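Chain and residue survey
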Amino acid sequence: MSILPTLNQRLKEYLECDTRIILMKDGVATPLSKAELKQRIIFAREVFKKAGLRQGDLVIFQINGASKKTFMGNFFALISMGITPVFLTAARSKDHVTRLVRVASDNPKAAIIADPETAEFIKFFWKECDSKRMIVVPEELPEDLQALPSEIEYTEVDPDALALVLYSSGSTSDPKGVMMTNRRFLLMLKNLGIALKTSSKDTWLQWLPLEHAFGIVTLITIPMYFKTGAVHMDAAEFIQNPKSWFDAVSKTRATKTAAPNFAYPLLLKALDGSEKWDLSCVDFILNGGEPLSQKVLGGFTQAMARFGMHSNAIVPLYGLTEALGAVTFNMEHEYPELDIEKVKCGIDFNMKGLRENAKDLVCQGRAIPEMSIRICDESNNVLPDNTVGCIQVTSDYICTGYLNKDSSDLFVDGWLDTGDLGFLSEGLLYVVGRKKDMFFIHGKNIYLRDIEQVVTSKFGYRCAACGVNDSAAATNYIYLFVECSDPENAPVKALKDLVFSEMGFGLKEVIPLRSLVLTGTGKIAKEKLLAAYEEGKI
């Protein structure tokens, strides 16, 4: 294996190069100089030293991604000191604080670093939080910069030491932190660069949250590793004004960007004829994080053609938090005509829906370098081409397991069971569903059982949360079926309000019933329940 440059080698080179960092806010582009970033790293290092942090420590990272300068300065400071950042969505709601408490309980020796506003949220919702454990990091540099060291003393890091830990945006009840060693992280970055044809001439633009895998990789570590430009936006700004995304692309001449499926209809709906974009600079837009749709993607690229965007700009991908990046990219825009009638089923899976929506099925491309994919049945027997089964992957840069969790069922003979379903056809991957009870809303993984646990613990009802994921129409719904003795007087509004306050999203409908539909073994038959409702039988 070739010797890869260390993260600290790349960080030192990055701070010395002249590639740009731009912070976009309300249409205004503000440059962040490498000199200021270096000062912020040095200042954060001094704060951490004073707090007693040392090489090898774990630190729960609670700096809001909207605080770009603070986020980058503190992240790079931790890397330079050989301290492992544990990424978890900054706790700005009760739901997020609940997850933080669980993660902190699993890692009792880990300090918590937070920006001042996030720290207040944590203290408000977590009354028992040990103040000695919390390190509140200033957002502004001190006035007397002369008192700070002039250079960064980079720590020599063991390649097999943890580089970072990333908790996905999924389950509240049992959050899992993906562990990535320095060696694996560096190998992943090298192969992503090859797959994405990355060079120092590129400028990445991103509005997805920094603390998620996509944000960390595309706006923090890829720019550092390959010395590319980076343009930072806020997710909230895109949601409030979808056109701000391409306003920024056109203004900064960004070459690479990304967005999940829900973003494209939002932007199309916002068009009003006043746009004067020049999108000829765009090499590609990575598309992942939600089920993809040929209809949505085709309509979007057609609409953007008048602004100079080429027809193959959107690149579908299949990614995993456990790989801290992508497993496949469709970089060569391979969309062969697929005879869906020849696709067989090797597991317990309803093929009817797949065949009915075959024209909307998106090819996620081929495995990136040094990544292998296989399709298996429930007994881990490898299935032939064009057979739906369980997607398993292996690579030297897949995670080593979950932090302080039993990871024994994560791998099968060295292969990671992704929990996703799909099939291979001549090396091309098609993802068709999930084994687990998971649902996607605006790029966030929602475990339906979490909704049920929240409702049952508060109201005592037996209930079933069912998701409808219509990627073709770019609409995602969650219905909640509730078993209660008096359906006509069920507290529907209170149930909706509870889920919104605890989980951060709204239910499409709450359907009270005297009894839920059950299987022969007494389990709730969710598919039958949802089908009966959609057919007007209940």
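Heads up: the structure comes first, above all this text.
Anyway, here's the lowdown on the structure attached to this text. (Residues numbered from 1 in each chain as written. Predicted model: local features only at pLDDT ≥ 70, side-chain atom pairs only at ≥ 80, totals over all residues. Heavy atoms only, no water.)

1. Points about the sheet that holds strand β8 (residues 177-181)
So the rule is basically this: For two strands to pair, DSSP has to find at least two bridges joining them. Helix numbering and strand numbering both begin at the N terminus, where a helix is a DSSP run of H or I of at least 4 residues and a strand a DSSP run of E of at least 2. Residues are treated as being in contact if the distance between any of their heavy atoms lies within 4.5 Å. Convention adopted: a line fitted to C-alpha atoms gives each axis, helices being fitted over their contacting stretch, and angles between N-to-C directions are expressed from 0 to 180 degrees.
Taken together, seven strands build an open sheet; the order of strands is β6-β5-β3-β4-β7-β8-β19 and the sheet is mixed. This sheet does not close on itself; its edge strands, each paired only once, are β6 (134-136) and β19 (401-402). Taken together, the two bridges between β8 and β19 define a ladder with antiparallel strand orientation. Following the sheet pairing, M179 is matched in β19 by G401. Along the sheet, helix α4 (residues 94-106) makes contact with β3 (58-62), β5 (111-114) and β7 (162-167), crossing β3 at roughly 175 degrees.

2. What to know about the packing of helix α3 (residues 68-81) against helix α7 (residues 213-226)
Angle between the axes and distance between the axes are the two parameters that describe a pair of packed helices. Applicable threshold: Note on angle classes: values under 35 degrees are labelled roughly parallel, values over 145 roughly antiparallel, values of 65 to 115 roughly perpendicular, and the remainder oblique. Note: crossing handedness is left-handed where the near helix turns anticlockwise from the far helix by less than a right angle, and right-handed where it turns clockwise. Lys, Arg, Asp and Glu make up the charged group, whereas Ala, Val, Leu, Ile, Met, Phe, Trp, Tyr, Cys and Pro make up the nonpolar group; the residues left over, Gly among them, are polar.
Between α3 and α7, whose axes approach to 11 Å, the crossing angle comes to 55 degrees. It follows that α3 is oblique to α7 by the angle criterion. At the point where α3 passes α7, the crossing takes the right-handed sense. Counting all contacts with α3, which are made through F71, M72, F75 and F76, the residues of α7 involved are I220, T221 and M224. Along the lines of polarity and charge, the residues of the contact of α3 with α7 split into six nonpolar, one polar and no charged.

3. Topic: helix α13 (residues 448-459)
For clarity, the threshold we go by: Under the convention used throughout, the expected extent of a helix is 1.5 Å for every residue step, that is, one less than its residue count. Relative accessibility thresholds used throughout: buried, under 20% of the residue-type maximum; exposed, over 50%; partly exposed, between the two (1.4 Å probe, protein chains only).
For α13, with 12 residues, the first-to-last C-alpha span of 17 Å sits near the 16 Å given by 1.5 Å per residue. Taken residue by residue, α13 has L448, D450, I451, E452, V454 and V455 as its buried positions. Taken from the residues just after α13, G460 is the one with a positive phi, measuring 80 degrees.

4. Quick notes on helix α11 (residues 294-304)
Selection criterion: Of all possible arcs, the one meant is that of the directions from the helix axis to the C-beta atoms.
Along α11, the residues that are buried comprise V296, L297, F300, T301, A303 and M304. Looking straight down α11, one finds its buried side chains confined to an arc of 160 degrees; they lie on one side. Among the exposed residues of α11, those oriented more than 90 degrees off its buried face are K295 and Q302. Lining the buried residues of α11 we find α9 (243-252), α10 (263-270), β12 (284-287) and β13 (314-320).

5. Remarks on the pairing of β7
Most of β7 is tucked away, with five of its six residues classed as buried. Pairing analysis gives two bridges linking strand β4 (residues 84-87) to β7, with the strands arranged parallel. Bridged to F87 within β7 is L166.

6. Quick word on the pattern of salt bridges
For the record, the criterion: Whenever Lys or Arg places a side-chain nitrogen within 4 Å of a carboxyl oxygen from Asp or Glu, that contact is recorded as a salt bridge.
Per the counting criterion, the structure on display carries 28 salt bridges. Close ionic contact of E36 with R40 constitutes a salt bridge, the shortest N to O distance being 3.1 Å. With a gap of four residues between them, E36 and R40 both fall in helix α2 (residues 34-50), about one helical turn apart. Residue classification places R40 among the buried positions, given a relative accessible area of 8%. With a shortest N-O distance of 3.4 Å, K197 and E332 are connected by a salt bridge. Placement of the pair is K197 in the loop between α6 (182-195) and β9 (203-206) and E332 in the loop between β14 (325-329) and β15 (344-345), with a sequence separation of 135 residues. Given the relative accessible area of 54%, K197 is considered exposed. By relative accessible area, which is 52% here, E332 ends up exposed. Within this structure, R10, E13 and K227 form a network of salt bridges that share partners.

7. Regarding the environment of E139
Where we set the bar: By the criterion applied in these results, polar contacts are pairs of N or O atoms within 3.5 Å in which, for protein atoms, one can donate a hydrogen and the other can accept it, and in which residues neighboring in sequence qualify only through two side-chain atoms.
Structurally, the position occupied by E139 is in the loop between β6 and β7. Separated by 71 residues in the primary sequence, E139 and K68 have C-alpha atoms spaced 9.7 Å apart. When sequence neighbours within four positions are dropped, the list of residues in contact with E139 reads R40, S67, T70, D115 and P116. At 2.8 Å, the side chain of E139 and the side chain of S67 are in polar contact.

8. As for the nonpolar core
Here is a general trend for soluble globular proteins: nonpolar side chains tend to be buried in one another's company. To be explicit about the condition: For the purposes of this section, nonpolar cores are sets of buried Ala, Val, Leu, Ile, Met, Phe, Trp, Tyr and Cys residues that join through side-chain atoms within 4.5 Å.
Of all hydrophobic cores here, the largest spans 88 residues; its most connected members are F48, F76 and F329. When residues of this core are assigned to their parent elements, the largest contribution, nine residues, is made by α7. Leaving out residues up to four positions away in the same chain, F329 has contacts with L192, A195, L196, L286, V315, P316, L317, Q364, G365, R366 and I368. With 32 residues, the next largest nonpolar core counts M24, V249, A303 and A313 among its residues.

9. So, the packing of aromatic side chains
What counts here: Pairing of aromatic side chains requires ring centres within 6.5 Å, counting the rings of Phe and Tyr and the six-membered ring of Trp. Pairs whose planes differ by under 30 degrees are stacked, by over 60 edge-to-face, and all others tilted. For a Lys NZ or an Arg CZ to count as sitting over a ring, it must be within 6 Å of the ring centre and within 35 degrees of the ring normal.
For the structure shown, the criterion picks out 23 aromatic pairs. Pairing Y225 with F226 gives two aromatic rings, centres 4.8 Å apart and planes at 65 degrees, and the pair type is edge-to-face. In terms of burial, Y225 and F226 fall into one category: buried. Three or more aromatic residues joined by ring pairs form one cluster here, namely W207, F238, W245, F246, Y264, W277, F300 and F307. A cation over a ring is seen here: K127 above F124, with NZ or CZ 4.5 Å from the ring centre. Its guanidinium or amino end placed over the ring of Y477, K508 lies 4.5 Å from that ring's centre, counting from NZ or CZ.

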